[in-house]
Protein chains: 2
Amino acid sequence: MHPLRRVRIQPDMDFEKRLEWFRNECAAAGLPCTHQREVLYRALVEAKDHPSPEMLYERVKRKIPSISLGTVYRNIKIFLDHGLIGEVSLHHGSLRLEANNEPHHHLVCRHCRKMFDLPAAGVHAIRLRRALPEGFQVERFVVEAHGLCQECAAPKKRRSN
Amino acid sequence: MHPLRRVRIQPDMDFEKRLEWFRNECAAAGLPCTHQREVLYRALVEAKDHPSPEMLYERVKRKIPSISLGTVYRNIKIFLDHGLIGEVSLHHGSLRLEANNEPHHHLVCRHCRKMFDLPAAGVHAIRLRRALPEGFQVERFVVEAHGLCQECAAPKKRRSN
DNA sequence: TTATTAGATGAGAATTATTACTATCTTGTC
DNA sequence: GACAAGATAGTAATAATTCTCATCTAATAA
C-alpha cells in the first residue's frame, strides 16, 4: 500500500527519475503535484542530514521565498502518510521516560504512537561495531519494532476511529 | 560512570530498596534528595507505560499538589543526566526526516543528538516476532545505536564545550 | 538544635514546535 | 478557458519546553 513498498527506488536513481516517480505517486494518490511539493521533495532527497521541518523550511525558502512554514509542515505530514519519505525515528511529540533498566526493546505503533516493552531475551546481539564511524562510542543498541498495534490495525468497522 | 552501569538494579527489587539506591546515587552526585525528587522517582518506577513529563506531572501532583511543571522537567533532565532513568528513544525535540529508503539504521549521539546513517548490511535480521503481543503488525525493525559521537566524547580540553 | 549555604522550588514569562483557520490562488480536468 | 477540489500564505492558537527569580530546604558544621 505504501509507495516505498510498492516501488523500490534505486539508490543510484538520479533526481529526475525520482521526481518522475514522485509525480506518479502524487497522481496515484490524487494529490496535486504543486511547485512547493516538488521543491520540498527535492530538498528531502538532497538532504544528507536528517532535517527537521524548520531546517527544511530554511532550505526551501531559498527556492521559494514566499513559502510558509505551515505548508512545509502540512506537506511533510502528507508525504509521511503516503510513505514518500520516512521519519528517522518515531517522534512522540514529547519526551518519554522509563525507569526500567532491564535490557529490553520497544514496539511502537506508528499510528497512535503507543509503546510496548519487549524483553531483550531472544533478540540476538547486533554485530555492527565494525561499521561504526571513527570515534563513535556506542553505549547501547536499541531495537524498535515499528508497525501498527492491534487497535490501529483493526479495520475501523463499528464506532468511529 | 553512570549509576545504571555502576550498580545493577534487580528487577525484583522492591521500591524501598530502589529508593535507598536512589538516595545513595543522589548523595554520590551531590544532589539534595528532596521530597519532590523522591516522589517523582517513585512515579517513574511505578509507571508501566512510558510517561511524558506532563503525564508524570499529573501523577505526582496527587502526592504534592503544589509541585510545578518546571520542577518535573528540571528533575527529569537531572535524572537523565545522571543515568537514574532512561529515555525511551532519544528525543530530538522536533520531527526528523529522511528520503533515504535504502534499508539502514541510525547512530545517535545522546549528547548533541546528531544522527548518522548506518547501512543495514551486516546487521543481521532480528528474530523477535514470537515475542510480539497479540495483533501487533510489525512493518520494520529499526536499530538505533546510542552513544557519544567523536566530538562529544572528546575530553573537553582546549576551547570550551 | 541552629546557622550557613549551595542548590531546589513554585510561579509565571518566554521560547520553540506544531496545528488550525481562512481568504485567495493552482492544479488537473473537461 | 472555466470549474471544482484542493493547496497556499499569513496569522492566530495551542503544545512542549526552558528560563528567571524571589523564596525555601537539605546537608553540613558548629
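Since this is a predicted model, take the numbers as computed values, not measurements.

By nearness alone, 21 residues border DNA strand D, and T34, R37, T71 and R74 of chain A together with Y73 of chain B come closest of all. Counting only atoms of DNA strand D within 4 Å of the protein, the sugar-phosphate share comes to 88%. In the environment of DNA strand D, a phosphate oxygen lies 2.6 Å from a nitrogen or oxygen atom belonging to the side chain of R74 of chain A. With respect to DNA strand D, the backbone of G93 of chain A contributes an N or O atom lying 3.5 Å from a sugar or linking oxygen. At the level of elements, α3 (35-46) and α5 (69-81) of chain A together with α5 (69-81) of chain B are the ones that each hand at least two residues to the surface near DNA strand D. By residue class, the composition of the surface near DNA strand D is nine nonpolar, nine polar and three charged.

Our focus in this paragraph is the relation of the copies chain B and chain A. Mapping chain B onto chain A calls for a rotation angle of 180° and an axial translation of 0.0 Å; the resulting RMSD is 0.1 Å. When the rotation and shift are considered jointly, the pair of chain copies conforms to a two-fold rotation axis. Residue V143 of chain B, judged by its C-alpha, is the member of chain B lying nearest the rotation axis, at 2.2 Å.

On to the protein's contact with DNA strand C. In the vicinity of DNA strand C, 20 residues are found, and the nearest of them are Y73 of chain A together with T34, R37, T71 and R74 of chain B. Taking the atoms of DNA strand C that fall within 4 Å of the protein, sugar and phosphate contribute 86% of them. Within the side chain of K77 of chain A, a nitrogen or oxygen atom sits 3.4 Å from a phosphate oxygen of DNA strand C. Measuring from a phosphate oxygen of DNA strand C, one finds a side-chain N or O atom of T71 of chain B at 2.7 Å. Those elements that provide at least two residues to the surface near DNA strand C are α5 of chain A together with α3 (35-46) and α5 of chain B.

We now examine the packing of aromatic side chains. Both the distance between ring centres and the angle between the ring planes are used here to describe each pair of aromatic rings. Within the structure shown, the criterion is met by 11 aromatic pairs over all chains. Centre to centre, the rings of W21 of chain B and Y41 of chain B are 6.3 Å apart; their planes meet at 40°, and the pair counts as tilted. Placement of the pair is W21 of chain B in helix α2 (residues 15-29) and Y41 of chain B in helix α3, with a sequence separation of 20 residues. Comparing W21 of chain B with Y41 of chain B shows no difference in burial state: the two are buried. Ring centres of Y41 of chain B and F79 of chain B lie 6.4 Å apart, and the angle between their planes is 85°; this geometry places the pair in the edge-to-face category. Separated by 38 residues along the polypeptide, Y41 of chain B in helix α3 and F79 of chain B in helix α5 bring together distant segments of the chain. Across the pair, exposure class does not vary: Y41 of chain B and F79 of chain B are buried alike. Among the aromatic residues, those joined into a cluster by ring pairs are F15, W21, F22, Y41 and F79 of chain A.

Here we take up the side chain of H106 of chain A. Residues and elements named next belong to chain A. With respect to the element layout, H106 can be found in strand β3 (residues 104-109). Relative accessible area serves as the criterion here: at 2%, H106 is assigned to the buried category. Reaching out from H106, the side chain makes a polar contact with the side chain of D117 at a distance of 3.3 Å.

Once that is clear, we can look at the sheet that holds strand β3 (residues 104-109) of chain B. The six strands lie next to each other as β4(A)-β3(A)-β5(A)-β5(B)-β3(B)-β4(B), forming an open sheet whose pairing is mixed. Strand pairing shows two members of the sheet lacking a second neighbour, β4 (115-119) of chain A together with β4 (115-119) of chain B, which therefore form its edges. If you compare each strand with its neighbour and ignore which way they point, the axes differ by 30° on average. Pairing of β3 of chain B with β4 of chain B, which is carried by five bridges, proceeds in the antiparallel orientation.

This part is about the side chain of H105 of chain B. Turning to its location among the elements, H105 of chain B is positioned in strand β3. At a separation of 3.1 Å, a polar atom in the side chain of H105 of chain B contacts the main-chain amide nitrogen of V143 of chain B.

Burial of nonpolar side chains together is a common tendency in soluble globular proteins. Counting residues in hydrophobic clusters, the biggest one holds 26 residues, and the most contacted among them are F22, L44, L56, F79 and I85 of chain A together with L97 of chain B. Every element with two or more residues in this core is listed here: α2 (15-29), α3, α4 (53-63) and α5 of chain A. Discounting chain neighbours no more than four positions away, the residues touching F79 of chain A are F22, R37, L40, Y41, L44, L84 and I85 of chain A. One finds L95 of chain A together with L40, Y57 and F79 of chain B within the second-largest nonpolar core, a separate group that totals 25 residues.

Calculation notes
Residues numbered from 1 in each chain as written. Chains lettered and ligands numbered in written order. Predicted model: local features only at pLDDT ≥ 70, side-chain atom pairs only at ≥ 80, totals over all residues. Heavy atoms only, no water. Near = heavy atom within 4 Å. Polar contact = N/O pair within 3.5 Å; in protein donor to acceptor, adjacent residues only side chain to side chain. Helix = DSSP H or I, 4+ residues; strand = E, 2+ residues; numbered from the N terminus. Nonpolar A, V, L, I, M, F, W, Y, C, P; charged D, E, K, R; others polar. Least-squares fit on C-alpha atoms with pLDDT ≥ 70 in both. Phe/Tyr/Trp six-rings, centres within 6.5 Å; stacked < 30°, edge-to-face > 60°. Buried < 20%, exposed > 50% of the residue type's maximum accessible area, 1.4 Å probe, protein only. Pairing = 2+ DSSP bridges. Axes fitted to C-alpha atoms, helices over the stretch in contact; angles between N-to-C directions. Core = buried A, V, L, I, M, F, W, Y, C linked by side-chain atoms within 4.5 Å. Contact = heavy atoms within 4.5 Å.

Worth remembering: the numbers are spatial, not functional.
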